[in-house]
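# Commentary on secondary and tertiary structure
Spelled out from the first residue to the last, the chains are:
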Amino acid sequence: MLSKHRSRVRTADQAVDDLGQLLLREQSMEDALQEVVDSAKRVLPGDLETSVSVLFQDFPTTVVYTDQLAVQCDESQYAHGDGPCMHAASSGQLTEVVDAQAETRWRDYAQEAAERGALSSLSVPLPISAKGVTAALNIYARSPNAFDEETRSVATRFAPLAATAVTKMQAFKDAQKVAEAWPIRTVGPDPHP
């Protein structure tokens, strides 16, 4: 058991190190963020899917995901106006659904998640400094009680990497909006004297 624990920690350490290097390379931040969710799925134990939800001025969207199960669970929460991923993003608190069939906080969402096959979930808030932007890394498992303390610990190690990618994506989008709002001016003599 101890060797299995050490192996999982080493694998997670390597994945986090690799992702840190990936964020320094030239590539789109969406691609980097997709690599974060793919790595989390690979490293964490169990049959699970992952996504990243971003709330921009409380308007939620799923930026990346590993499978339709994750995006469907995210969108169900958006439709209900609340749920574990939205709670984690807006409150900054790690939010877990231990057993969707017994969950009482978000009953309608939990029932839909269970029907889809997501029987437990873990939403990790992302530490984002951009004004009006919050986000969460979401992990959906196909079994109840899927997360132990070690899994929670490993999952939270992905949060700063995902936050960096989301922050850079938002900064790029903000810069695009500013550039589009400015009129194009040519430098040189006035063609209409």
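Shown above is the structure to which this text applies.
First, a word on scope: everything that follows refers to the structure included in this document. Here the residue numbering is sequential within each chain, running from 1 through the sequence in written order. Totals for whole chains, interfaces and linings use every residue, but because this is a predicted model, local features are given only for residues with pLDDT of at least 70 and side-chain atom pairs only at 80 or more, for both listing and counting. To obtain the side-chain values, all non-hydrogen atoms of the structure were included, while hydrogens and water were left out.

### Quick look at the packing of helix H3 (residues 68–80) against helix H5 (residues 107–116)
Heads up, the condition is: To obtain each axis, a line is fitted to C-alpha atoms, and for helices this fit is confined to the stretch in contact; angles are then taken between N-to-C directions over 0 to 180 degrees. Elements are defined by DSSP. Helices are runs of H or I of four residues or more, strands are runs of E of two residues or more, and each kind is numbered from the N terminus. Each angle is binned into one of four classes, with values under 35 degrees roughly parallel, values over 145 roughly antiparallel, values of 65 to 115 roughly perpendicular, and all other values oblique. Helix crossings fall into two classes, left-handed where the near helix is turned counterclockwise from the far one by less than a right angle and right-handed where it is turned clockwise. Contact between two residues is taken to exist if any of their heavy atoms lie within 4.5 Å; hydrogens are not considered.
Where H3 meets H5, the axes come as close as 10 Å, and the angle between the chain directions of the two elements is 160 degrees. What the angle tells us is that H3 and H5 run roughly antiparallel. Once H3 is placed against H5, the crossing between them reads as right-handed. Residues Leu 69, Gln 72, Cys 73, Ser 76, Gln 77 and His 80 of H3 pack against Asp 108, Tyr 109, Glu 112, Ala 113 and Arg 116 of H5.

### Overview of helix H2 (residues 29–43)
Along an α-helix, a turn takes 3.6 residues, which lines up residues three or four apart on a common side. Convention followed: To estimate the expected span of a helix, count its residues, drop one, and scale the result by 1.5 Å. For each residue, the accessible area found with a 1.4 Å probe, counting protein chains only, is set against the maximum for its type, and the residue is called buried under 20%, exposed over 50%, and partly exposed in between. The arc under discussion is defined with respect to the helix axis, by the directions toward the C-beta atoms.
Between the first and last C-alpha of H2 there are 21 Å, a value that for 15 residues agrees with the 21 Å anticipated at 1.5 Å per step. All of the buried residues in H2 are Met 29, Ala 32, Leu 33, Val 36, Val 37, Ser 39, Ala 40 and Val 43. All buried residues of H2 project into a common sector of 160 degrees when viewed along the axis, lining one side.

### Description of the nonpolar core
Note that soluble globular proteins tend to have their nonpolar side chains buried in a common cluster. The condition is simple: Among buried residues, the Ala, Val, Leu, Ile, Met, Phe, Trp, Tyr and Cys ones that are joined through side-chain atoms within 4.5 Å form a nonpolar core.
In terms of nonpolar packing, the biggest core is built from 31 residues, with Val 52, Leu 126 and Val 166 touching the most fellow members. Put simply, the parts of the chain that give this core at least two residues each are H2, strand S1 (48–56), strand S4 (120–125), strand S5 (133–141), helix H6 (149–157) and helix H7 (159–181). In terms of residue count, the dominant contributor to this core is H2 (7 residues). With near-sequence residues (within four places) excluded, Leu 126 lies in contact with Val 52, Ala 135, Ala 136, Leu 137, Ala 159, Ala 162, Ala 163 and Val 166.

### Some points on the environment of Val 52
With respect to the helices, strands and loops of the structure, Val 52 is situated in strand S1. Residue Val 52 is classed as buried on the basis of its relative accessible area, which comes to 0%. With 19 residues separating them in the primary sequence, Val 52 and Val 71 have C-alpha atoms 9.0 Å apart. In this view, Val 52 contacts Leu 33, Val 37, Thr 61, Thr 62, Val 63, Val 64, Leu 126, Ala 136, Leu 137, Asn 138 and Val 166; residues no more than four positions away in its chain are not counted.

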